[in-house]
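# Geometric and topological summary
The residues making up each chain are set out below.
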Amino acid sequence: TAAECRATRDGVALCDQSTMTKFMVEGRDALKVLETISCNRIDVPVGKLVYTQWLNERGGIEADLTVTRTGEEQFMVVSAAATQFRDLTYLRRHATRADHCFVSDQTAGIPMLGLMGPKSRGLLQKAAPHTDFSNEAFPFGSSRIVEIGYAQVRASRITYVGELGWELYIPGEFALHVYERLRDAGAEFSLSLAGMHAMNSCRMEKGYRQWGDDISVEDTNIEAGLGFTVAYDKPFDFIGKEALLRQKAA
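In what follows, the accompanying structure is described. (Residues numbered from 1 in each chain as written. Predicted model: local features only at pLDDT ≥ 70, side-chain atom pairs only at ≥ 80, totals over all residues. Heavy atoms only, no water.)

## A closer look at the pairing of strand β8 (residues 143-148)
Each regular strand displays side chains that alternate between the two surfaces of the sheet. Where we set the bar: Strands are labelled as partners when DSSP assigns at least two bridges between them. The helix count covers DSSP runs of H or I at least four residues long, the strand count covers runs of E at least two residues long, and both are numbered beginning at the N terminus.
Pairing between β8 and strand β9 (residues 151-156): six bridges, direction antiparallel. Bridge pairing in β9 places Ser143 opposite Ser156. Where β8 folds back on β9, the antiparallel hairpin that results is connected by two residues, among which Gly149 adopts a positive phi of roughly 60°.

## A few points about the pairing of strand β5 (residues 74-79)
What counts is decided by this rule: Burial here depends on accessible area, computed with a 1.4 Å probe over protein chains only, as a share of the maximum for the residue type. Under 20% is buried, over 50% is exposed, and the range in between is partly exposed.
Along β5, five of the six residues are buried, which leaves the element largely enclosed by surrounding structure. In the sheet, strand β2 (residues 21-26) pairs with β5 via six bridges, with the strands oriented antiparallel. Bridging across to β5, Phe23 finds its partner in Val77. As paired strands, strand β4 (residues 61-71) and β5 are joined by five bridges and run antiparallel to one another. Residue Arg69 lies in a different strand from β5, and its bridge partner there is Phe75. Between β4 and β5, which pair antiparallel one after the other, the connecting turn spans two residues.

## Brief notes about the layout of surface pockets
It is a probe the size of a water molecule, rolled over the atoms, that shows where empty space is left. To keep things clear, this is the line we draw: Cavities and pockets were defined on a 1 Å grid built over protein atoms only: a cavity is a set of grid points that admits a 1.4 Å probe from which the probe cannot escape, a pocket is an open set flanked by protein on both sides within 12 Å along at least five of seven lines, and lining residues are those with an atom within 4 Å of any such point. Grid points are joined across faces, edges and corners, and a volume is the space filled by probe spheres set on the points. Just so you know the grouping, Ala, Val, Leu, Ile, Met, Phe, Trp, Tyr, Cys and Pro go in nonpolar, Asp, Glu, Lys and Arg go in charged, and all remaining residues, Gly too, go in polar.
There is about 960 Å³ of room inside the largest pocket. Taken together, 42 residues line the largest pocket, and the ones lying closest to its centre are Met20, Tyr51, Asp64, Tyr160 and Arg209. Contributing elements (two or more residues each) for the lining of the largest pocket: β3 (49-55), β4, β5, β10 (165-169) and α6 (196-206). Of all the elements, α6 adds the most residues to the lining of the largest pocket, at four residues. Class assignment of the residues belonging to the lining of the largest pocket gives a composition of 20 nonpolar, 15 polar and seven charged.

Put into structure tokens, the structure is as follows:
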């Protein structure tokens, strides 16, 4: 594990994160539903990723996740493996109240590999030469389709370890092919394979929160040091807003 952590900090590591929960939220009312349950602003340009929480009326954190806008009326929600059914229940409860919002659980159908570390950009540039992965062309929080081998892969520039890197969402039938392409390209970068314990160690070093351990329904964003994810001024009254405003004022 120590070697895996060093690779993530100083080189480049590849981690199988396929068990991460993935929901597709679609329809004319998809944005309204997600804006109502998310404390951060979800109405962003297509290809933008947002880190947010879903709150209860007391301001407590019900879920900690990312939302990627993949189309004008389509969004991908990614959360932890352990909270799959909990988050799905919460999301569907609110989606069913809308006239035109549809939720599908794509967790089993979309494998995801995390490519993390200072050398991840060079490796990915070699594996997908038709895309510019520079900071200017592919800034933090961006998500787009790239070509790796024969596969069309969604690459999202974010990691759970706080280092440079991308989450790669791959069509199921191409998962092994993309993995092999990354291993081949990684030979000159001393690519290492990393496990979830190494990822957990690195995210704790960075102070990244984990729902169920560091934060829960009893903690608010203000108490958890996550106030930067709250968009008080967005044109939607999200669940828990009034509770956060009262706590902030106090």
